Protein chains: 2
Amino acid sequence: MDFFFKPRGIAIIGATSNSLKGGYSILRNLMNGFKGGIYPVNPRYTEIEGMTCYPSVQKVPDPVDLAIVFVPAARVPQLIRECAKRGIPGVMIESGGFAETGEQGIALQETLKQIAKETGIRLWGPNCMGLVDAVHRYIFSFVSQSIWDERFVAGDISLIVQSGMLSGVFLIDAMTHGTMDVSKVCSIGNKADVDECDILEYLIGDPDTKVVGLYLESIPDGRRFMEICRRSQKPIVILKGGKSPKGAEAAMSHTASLAGNGAVISGAMKQVGVTEADDFKQMLDICRSLAMFPKLSPQSSGRVAVITYSGGAGIVSSDFIDALGLELADLSQTTRDAMKTVFPEWMPVSNPVDLWPAVESNGADKAYITAVRAACADPNVDAIFLHIFVGGFSLTPDMESVAEEVRTSGKPMFCFLMGNAEEAREVHIRTQRLGIPVFRELYRAAECIRAVFSYKKAIERRKPAVASPSPVSISDKFCKILGTEKGSLDEHLSKQILGACDIPVVEEKIISSAEEAQMTALGYGFPVVMKGLSPGEVHKSDLGLVRLGITTVNEAKSGFEALERAMEGKGNILIQRQIQGGLELIAGLVKDPQFGPCVMCGLGGILAEAIGDVVFAAAPLSQSEALDLIGRLRTQKLLNGFRGFPPLDRKALAQILVRLGELGCAYPRIQEIDINPLIVSKGRPVAVDASIIL
Amino acid sequence: MDFFFKPRGIAIIGATSNSLKGGYSILRNLMNGFKGGIYPVNPRYTEIEGMTCYPSVQKVPDPVDLAIVFVPAARVPQLIRECAKRGIPGVMIESGGFAETGEQGIALQETLKQIAKETGIRLWGPNCMGLVDAVHRYIFSFVSQSIWDERFVAGDISLIVQSGMLSGVFLIDAMTHGTMDVSKVCSIGNKADVDECDILEYLIGDPDTKVVGLYLESIPDGRRFMEICRRSQKPIVILKGGKSPKGAEAAMSHTASLAGNGAVISGAMKQVGVTEADDFKQMLDICRSLAMFPKLSPQSSGRVAVITYSGGAGIVSSDFIDALGLELADLSQTTRDAMKTVFPEWMPVSNPVDLWPAVESNGADKAYITAVRAACADPNVDAIFLHIFVGGFSLTPDMESVAEEVRTSGKPMFCFLMGNAEEAREVHIRTQRLGIPVFRELYRAAECIRAVFSYKKAIERRKPAVASPSPVSISDKFCKILGTEKGSLDEHLSKQILGACDIPVVEEKIISSAEEAQMTALGYGFPVVMKGLSPGEVHKSDLGLVRLGITTVNEAKSGFEALERAMEGKGNILIQRQIQGGLELIAGLVKDPQFGPCVMCGLGGILAEAIGDVVFAAAPLSQSEALDLIGRLRTQKLLNGFRGFPPLDRKALAQILVRLGELGCAYPRIQEIDINPLIVSKGRPVAVDASIIL
């Protein structure tokens, strides 16, 4: 991909001297920083801005590694063929008018794909803003060139942005505010050929990039995306647009891309250690926090010391720390003693540390540095959340000294800054250069503290991908069914197949007479359940075909007879042991259009209706990934035993999830598996009802 | 309170010519805007800054309505006595060194309270920053005076801030950024006498105030606070510090104030239509949104049209609208047709409206104004969420014309702005002056849209306070028990009392023999429950004194005998009908130190353990307030019936809550009532277990 990022020469196809047009901006932007050859191409000019303009790409001199195309869509395919012929390895198509514009455009885009396939030329775009590289001062884009000169500060965060306009406005907003410097911004548009995976792969190896942030509306090749993220040594942050049903609809109409199931994507991202963001600037804030603190000391766990000048800000910080699953550090006696030296007599030292009285009696510098030094040395403190104010009250400490203390300690510091607008801006920028991320809102700062510790834990937990899932050994009969049937398999058959995969299923049997019902019930012990299985019918309860709590042989007999009548000779009658359990779970497999077979696990019964606590992970899963998946359920409390019920045997549940994943991978015709309920009986989950859909 | 807000003359006790001291800043700040008499008081000077300095407050000429005191704490009581003697009605004590500094300070503060009580003088503070009134350019505060001159723009939001430092830094931050103008900022400090209620009452009648925002760590007189909020015609927004357990601890050590139960406070605030905020600037953002849109058209319900230049921002907006319980407006055909005129042929019009192609072909002005005009005229649209960009791409519409359109329509518009820092700041300020609140983060904008519609609904739902609760008519015996007993009443007695208040309780009876157990069980019908009631013992289950699911007369007999053995002759044995129900609820009454008796209602059973869905409201409740309370439970889905269970009879539950409130108000010795479980049987809730704690 180097020809996109470090081309030796660039042909600008559609260059023009009309300063209102994109083809002019591209040229000017290149002239403003690009050191390689710049070759305007346009048959209508012989010279633009003092440079030779070539009638066609054929005439452009060597070396030329990249063409940037900005001409009406209809002319693009022919021009790309010419580029391929000329031996140019990469083309950035910044023109719009393709898949985003309906049928004709979709056809044009298909042509582009076809050309890429035939010729091997790589196409970036179309309908994109191209690339901006702040480190090298490369602007391969038509973004307005007027604002660059004073503001072009290079940072170490690179962005991949699917939405064209966003990448541009984002960049301008972030860079002109001066508090959010970026390295490369890649606007990938319609992704006809080059996609987020290609670029992500490049960026995780890019020495100028410390963190990659992505705004995506679709991840068509979810598996490759996961694979790249899994091996990334750099933090990756993603804002996925279209996670809600309405948002997904909007995404669909925006880039005709399938937004996918938000919960599946979240699950897949967690599996590979990717941080999820919700909003645009929040994403950038998380990125810059991770860029500063990609690695934390192994034993640190998120215990925060809050050092503030305002009791109120300290209290609200504590509320946020609590809400976000962080912890207020329990300051050691040594720390308290050290801080005591700057506090007035009457003031007890606690966390949050309210420095105001110490500032009043000792000045800001001494008060702050004493507190920061003590917190840095405290083994109970993993991070310092510092509040500062500029613009009055003699409250601002010397941030250079503060930064020196934290740098030596290796602990992350996060700074919440308020103050007089102009001074605050200056201190904001200066403090960030010292390696301390600065925030103007308390909650955002707390979110970013969490992000840094969550990333640490996610990376520690991240497992290598399952190289090859264990083979599923089931009988030829079942193999044939899974290979040929269509639609929903009945409950009994579904459980037979699951049972063959070592998934514990309830004891049950198809019976054909009242006598058999009675004998079987006696064998199982009461209570038992009886169900009528109509072919292709999954809503048994709604049809009155489920009889729970049969406690006598007489009920067994009358139950059989009633079902037999109700089914009018069709289907089968099933009897099963009634599992008496505490907790109802659900488990299963879904086939996601972007991520393929994914294992699902959740709370069932009344909890499913009340809160829908369900988590997903891409299959196959290792046992330890499956345990992580279980650990992501919100209602952990119930899993650890409650009301006299023993705790869930997590290993047994993990084993079920592993098997579900293996089954889904081995039999790609499986569209869905639902185990509902999966009842936890004496701690062990047992599949009580299930269906496999082909 | 006018003497605090509009004094004719002010004595500054502790005035000094030392420009590093607060006593000097107060004086300079007054000279900078205050039009009335300014009288420095300090025996060590005869003149400060060209003004006569008086040796004592006695010598100050008339009229003088206010004294601002900034001297060491120990001298304050005597000086206040002098003020009282001099007939000054109000004193603002800005010095620290009182309750926030431990025992001695607490005693000093008590002395202040005593003086206020004895003399009738009103005391504001101590340990506060006083008052800033941007409309009148009054600064009754020692906040640094250097920054005011250019930035002093008056707004219509007034703030009450408990934390001293915060009020100052807040003000400076907000005002110097120029995007958040305020009217009055009141720093109330330790609240020895004047408290948030006094000031809130003043501000809801203040013509310069449209919205009141409060940062509070405690609301000691919760009932008065609620009463004022309930009759306020202006929106009130509160950020309550110390809602989490850790935050509450921090609040306690900050101002020695009891932070209280976050859920109780939230419940009380919802009852009286107060909006809750989470963070400081978020609170200001919500305040300014409500200041612009305090009233909406009666039929508007939160249907939002998103008009954007970026598909990506539109998609993420849709996600937020979904997540926050708003709705994407379904644009009418007329609207679509109107917008179609500026869209390219291939582009379908949908909501979010992605204007970029229309801007490309028609220019920003025409594209935006066409879309805004159509949305304004659309009866399906309640609010417009406009995205604009400044600083390139010729994307910015003429906001004056846009504002004119929305002003005519009366619909609220919210603007998400990105762009080149300097231009964006200018457009931000200018657009807000046009009556359109501007946001720099998408989520914040969405939160504020929600706040505006939530406030509308809250005010519509707000009920007048229950003037006098219905009397509770229970027998003399019960009256006496509630008036004299202490500790926990046993289950049976508790339910007898609740039953006497028309709360449905399970059929049950104290029995004294196995025969009586059998007879009663036969009378109730099986299954039945038997329980051993030890005096003062609430954890019956843990002691094995609960026998559920007794289904035969033999089990009844053996159950009685087993309990008799276990209880060793002490306590009583209770038999009760076993209620077969779907949903388990809990209900009760707590006595909150700030809000007094509060009714509680929540989900019980496994849901209580899993998610703790519990809501509170201050008692007494009207039937309709009780219905609102039930409507605030998160798991509404379950209340509407599920899995074949009929929906909850909400009126019956509301009736129980009303009765609980009446009981709590009538018998103030009741510390707590717990009904757990309150089982919903055939839709109707029945108290199955309960305890009253005195």
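Residues numbered from 1 in each chain as written. Chains lettered and ligands numbered in written order. Predicted model: local features only at pLDDT ≥ 70, side-chain atom pairs only at ≥ 80, totals over all residues. Heavy atoms only, no water.

**Some remarks on the relation of the copies chain B and chain A**
Structural alignment of chain B on chain A gives an RMSD of 0.1 Å, achieved by rotating through 180 degrees and translating 0.0 Å along the axis. Overall, the copies show the geometry of a two-fold rotation axis. No C-alpha of chain B approaches the rotation axis more nearly than that of Leu607(B), which lies at 3.5 Å. Comparing interface residues between copies, 100% of those in chain B also lie at the interface in chain A; the contact surface is shared. (Least-squares fit on C-alpha atoms with pLDDT ≥ 70 in both. Contact = heavy atoms within 4.5 Å.)

**Description of the environment of Asn640(B)**
All names here are of chain B. Topologically, asparagine 640 is positioned in the loop between α25 (636–639) and α26 (650–666). Its relative accessible area of 46% is what places asparagine 640 among the partly exposed residues. Separated by 613 residues in the primary sequence, asparagine 640 and leucine 27 place their C-alpha atoms 64 Å from one another. Sequence-distant contacts of asparagine 640, defined by excluding residues within four places in its chain, comprise Pro647 and Arg650. At 3.0 Å, the side chain of asparagine 640 and the side chain of arginine 650 are in polar contact. (Helix = DSSP H or I, 4+ residues; strand = E, 2+ residues; numbered from the N terminus. Buried < 20%, exposed > 50% of the residue type's maximum accessible area, 1.4 Å probe, protein only. Polar contact = N/O pair within 3.5 Å; in protein donor to acceptor, adjacent residues only side chain to side chain.)

**A closer look at the interface of chain B and chain A**
With 83 residues of chain B in contact, the opposing surface of chain A contributes 83 residues. Approximately 6500 Å² of surface area, both sides summed, lies buried where chain B meets chain A, with 65% of it carried by carbon and sulfur atoms. Seen at the junction of chain B and chain A, the total is two salt bridges. The partner of Glu441(B) in a salt bridge is Arg444(A), with the nearest N and O atoms 3.0 Å apart. Our enumeration of links across chain B and chain A arrives at 20 residue pairs in polar contact (both at pLDDT 80 or more). Here the side of chain B that touches chain A is composed, by residue class, of 38 nonpolar, 24 polar and 21 charged. (Buried area = accessible area lost by both parts, 1.4 Å probe. Salt bridge = Lys/Arg side-chain N within 4 Å of Asp/Glu carboxyl O. Nonpolar A, V, L, I, M, F, W, Y, C, P; charged D, E, K, R; others polar.)

**Concerning the sheet that holds strand β11 (residues 182–187) of chain A**
Residues and elements named next belong to chain A. The mixed open sheet is built from seven strands, whose spatial order is β9-β8-β11-β10-β12-β13-β14. Of all the strands in the sheet, the pair left with one neighbour each is β9 (138–140) and β14 (275–277). Between one strand axis and the next, the sheet turns by 20 degrees as a mean value, whatever way the strands run. Examined bridge by bridge, strand β12 (residues 211–216) and strand β13 (residues 236–240) share five bridges and lie parallel to one another. Residue pairing for β13: glycine 213 is matched across the bridge by valine 237. (Pairing = 2+ DSSP bridges. Axes fitted to C-alpha atoms, helices over the stretch in contact; angles between N-to-C directions.)

**Structural notes on the domain arrangement of chain A**
Residue and element names in this part refer to chain A. Taken domain by domain, chain A comprises domain 1 (2–291) and domain 2 (297–461). If you average the C-alpha positions of domain 1 and of domain 2, the two centres end up 39 Å apart. Listed by partner, the interface residues are 19 residues for domain 1 and 17 residues for domain 2. Of all residues in domain 1, Thr179, Arg288 and Ser289 give up the largest surface area on contact with domain 2, accounting jointly for 34% of the area buried on that side. One salt bridge in this structure joins arginine 444 and aspartate 285, with 2.8 Å as the shortest N-O distance. On the surface where domain 1 and domain 2 come into contact, there are five residue pairs in polar contact (both at pLDDT 80 or more). Every element with two or more residues in the side of domain 1 that touches domain 2 is listed here: α6 (164–177) and α11 (280–292). Sort the elements by how many residues they give to the side of domain 1 that touches domain 2 and α11 lands first, with seven residues. (Domains from an automatic or database assignment.)

**A few points about the sheet that holds strand β24 (residues 572–577) of chain B**
Residues and elements named next belong to chain B. With respect to topology, four strands assemble into an open sheet ordered β21-β24-β22-β23, the strand pairing being antiparallel. At either margin of the open sheet sits one strand with a lone partner, and together these are β21 (508–511) and β23 (546–550). Going from strand to strand, the sheet's axes swing by 20 degrees on average, the running direction of each strand aside. Across four bridges, the pairing between β21 and β24 is antiparallel.

**As for the pattern of salt bridges**
Residues and elements named next belong to chain A. This structure, assessed with the given rule, holds 84 salt bridges over all chains. The salt bridge partner of arginine 407 is glutamate 404, with a shortest N-O separation of 2.6 Å. Here glutamate 404 and arginine 407 lie together in helix α16 (residues 399–409), a separation of three residues that amounts to about one turn. On the accessibility criterion, glutamate 404 (42% relative accessible area) is partly exposed.

**Topic: the UniProt feature "domain: ATP-grasp" (unreviewed entry) in chain A**
The UniProt entry lists residues 495–531 of chain A under the feature "domain: ATP-grasp" (unreviewed entry), expressed in the numbering used here. Helix makes up 46% of residues 495–531 of chain A and strand 22%. Its end C-alpha atoms lie 14 Å apart. (UniProt positions renumbered as here; feature names shortened; annotations may be inferred.)

**Details of the packing of aromatic side chains**
Under the criterion given, the structure shown has 26 aromatic pairs over all chains. Taking 5.8 Å as the distance between ring centres and 65 degrees as the angle between the ring planes, the aromatic pair formed by Phe5(B) and Trp124(B) counts as edge-to-face. Of the two residues, Phe5(B) is situated in helix α1 (residues 2–5) and Trp124(B) in strand β7 (residues 122–124); the sequence distance between them amounts to 119 residues. By the burial criterion, Phe5(B) is buried, and Trp124(B) matches it. On the numbers, 4.9 Å between centres and 75 degrees between planes, the contact of Phe320(B) with Tyr443(B) is edge-to-face. Note that Phe320(B) is positioned in helix α12 (residues 311–323) and Tyr443(B) in helix α18 (residues 442–461), a separation of 123 residues in sequence. Aromatic ring contacts, followed pair by pair, group Phe3(A), Phe4(A), Phe5(A), Trp124(A) and Tyr202(A) into a single cluster. Positioned over the ring face of Phe439(A) is Arg288(A), at 4.8 Å from the centre of the ring. (Phe/Tyr/Trp six-rings, centres within 6.5 Å; stacked < 30°, edge-to-face > 60°. Lys NZ or Arg CZ within 6 Å of the ring centre and 35° of its normal.)

**A few points about the state of the cysteines**
Residues and elements named next belong to chain B. One pass over the full model with this rule turns up zero disulfides over all chains. With no disulfide of its own, cysteine 376 lies closest to cysteine 415 among cysteine sulfurs, the gap being 13 Å. Summary of cysteine pairing: cysteine 448 is not part of a disulfide, and the nearest cysteine sulfur, belonging to cysteine 287, is at 9.3 Å. By relative accessible area, which is 0% here, cysteine 448 ends up buried. (Disulfide = S-S within 2.5 Å.)

**With respect to the environment of Asp322(B)**
Structurally, Asp322(B) can be placed in helix α12. Sequence-wise, Asp322(B) and His428(B) are 106 residues apart; in three dimensions their C-alpha atoms are separated by 26 Å. Setting aside anything within four residues of it in sequence, one finds Asp322(B) in contact with Ser244(A), Pro245(A) and Lys246(A).

**Observations concerning the side chain of Asp133(A)**
Residues and elements named next belong to chain A. Relative to the assigned elements, aspartate 133 resides in strand β8 (residues 130–133). Polar contacts involving the side chain of aspartate 133 include one to the main-chain amide nitrogen of valine 135, which spans 3.0 Å. A distance of 2.8 Å separates a polar atom in the side chain of aspartate 133 from a polar atom in the side chain of histidine 136.

**Quick notes on the packing of helix α21 (residues 514–524) of chain A against helix α22 (residues 553–567) of chain A**
Residue and element names in this part refer to chain A. Packing of α21 against α22 brings their axes to within 8 Å, and their N-to-C directions diverge by 140 degrees. Classed by the angle they form, the pair α21 and α22 counts as oblique. Every pair of crossing elements has a handedness; the one defined by α21 and α22 is right-handed. Only Val553, Ala556, Lys557, Phe560 and Glu561 of α22 make contact with α21, whose side of the interface consists of Ala514, Ala517, Gln518, Ala521 and Leu522. Taken together, the residues that form the contact of α21 with α22 break down as seven nonpolar, one polar and two charged. (Parallel < 35°, antiparallel > 145°, perpendicular 65-115°, else oblique. Left-handed = near helix turned anticlockwise from the far one by under 90°.)

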